[in-house]
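Chain by chain, the residues run as shown.
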Amino acid sequence: MTITTEQPAVTTEQILARIADIRPLLERNAAQGEADRRVVEESITALTEAGVFKIAQPCRYGGYGLPVRAMLDVSAAVAEADGGTAWVVALSNVCAWMAGLFSRQAQDEIWGVNPDAKVSGVLAPTAETTKVDGGWRVTGRWYYNSGSWHADWAGLGVPLTDERGEVVDQGLVLIPRTDLGFEETWFVAGMRSSGSNCLIAEDVFVPEHRVMSVPPAIGGQYAVEEPEEDLYRAALVPVFTLVLAGPQLGLGRKALQIVQEKATRKAISYTSYVAQADSVGFQLQLAEAAMRIDTAHLHAHRAADDIDTAAANRTYPDLTLRARTRADTGWAVENITRAIDILLSAHGAGSFAEVNPLQRIWRDSAVAARHAIVLPAVNYEVYGKALLGRDDQITPLI
């Protein structure tokens, strides 16, 4: 099946304008989404109609095929309304991009019938496989599958076995959501509305055309035939890593906005200051937080530009540049979490009132910052070893 969808090019700026239009709705549904531990369907519908989930979908299926920088900017804009919703947007878009690396046959199955199909994913190979004619049979459980409530397909990590049952490779497989079981396991302090639950496969057959080997993909050898769009030449692990910084950028911006706007009418208790804005101490804290948020944006955008430039030039970034993307991501996340801590202290104990959106921003950011692939200490070690040319790297995911 060949799918060709002709439409005018959609820009990042147009998508951001659409998000601005629906931001009041997203904000209004944020508390309910947190209580339900899933994004409210009204918000998912509004985001779908605004094209927010088509950022990294191939153009031949009606997607926009926008650069990696757009994935950051779009999820950041959504995060100004709600962090959990932004996380679902970020993960759905990057998983759509991942699906765009698979064979054309696999892509046709995902979007050929339903151009609005959404994809979730977990890379960890927490499964067992059996090699059979034409593919593998897969059994496993994958935690924590963000956006699992809303996904039509899932990209899942698996060990690939040979006919003797020995593991010979690591793979990613695409499985329709209808073939997977589901268990609610997402009971957490923050990012509650991300709905990062468990998907379950019980002896599910996956044909070879819906399987991609991970080790070659880390080096830029994907399953898709010659890509029509530069986006699908982008470096695998840098993209997977960097997109997780997007929601953090928006959370930091929103926290700064809230504290800044209230500073002229909020006193500092037990002092003579009738407005926080009059305090030099407060001014210093606000400035430091703003600079840290700016720093996070500069590093995240540099990394995105590195990825997008290499893809446009049809080159694959070397190991040191790919490692720097992991470090850029960790640095961005670390500066956002520190900025939010400063802002909460500057704003005062009222930050933690349930009616104050700052406490949800703080919890969402703190939970997201602990995702394994963005941990600053790990990412700095990866980059440091790359800078020194050492052969004792701690992970192949670079």
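S.K.: I'd like a description of the sheet that holds strand β7 (residues 197–207), backed by residues and values.
M.R.: Strand order across the open sheet formed by 4 strands is β2-β3-β7-β6, with antiparallel pairing between neighbours. Two strands close off the open sheet at either side, each with one partner strand: β2 (127–132) and β6 (181–183). Here the average twist between neighbouring strands, direction ignored, is 15 degrees. Of the strand pairs in this sheet, β6 and β7 are connected by 3 bridges, and their pairing is antiparallel. Bridge pairing in β7 links G181 to I200.

S.K.: Now, about the pattern of salt bridges: what can you tell me, with residues and values included?
M.R.: The final tally for this structure, using the stated rule, is 27 salt bridges. E166 is paired through a salt bridge with R164; the nearest N and O atoms lie 3.6 Å apart. A relative accessible area of 65% places R164 in the exposed class. Between R324 and D306 there is a salt bridge whose closest N-O contact spans 2.8 Å. In this pair, R324 is assigned in helix α10 (residues 319–347) and D306 in helix α9 (residues 280–312), connecting sequence segments 18 residues apart.

S.K.: Pulling in residues and values, what's your account of the pairing of strand β5 (residues 167–176)?
M.R.: Of the pairings in the sheet, the one linking strand β4 (residues 153–161) to β5 comprises 9 bridges and is antiparallel in character. Paired with P159 across the strands is Q170, a residue of β5. Between β4 and β5, which pair antiparallel and follow one another directly, the connecting turn spans 5 residues, one of which, G165, has a positive phi of 90 degrees.

The rules behind the values
- Residues numbered from 1 in each chain as written.
- Predicted model: local features only at pLDDT ≥ 70, side-chain atom pairs only at ≥ 80, totals over all residues.
- Heavy atoms only, no water.
- Pairing = 2+ DSSP bridges.
- Helix = DSSP H or I, 4+ residues; strand = E, 2+ residues; numbered from the N terminus.
- Axes fitted to C-alpha atoms, helices over the stretch in contact; angles between N-to-C directions.
- Salt bridge = Lys/Arg side-chain N within 4 Å of Asp/Glu carboxyl O.
- Buried < 20%, exposed > 50% of the residue type's maximum accessible area, 1.4 Å probe, protein only.

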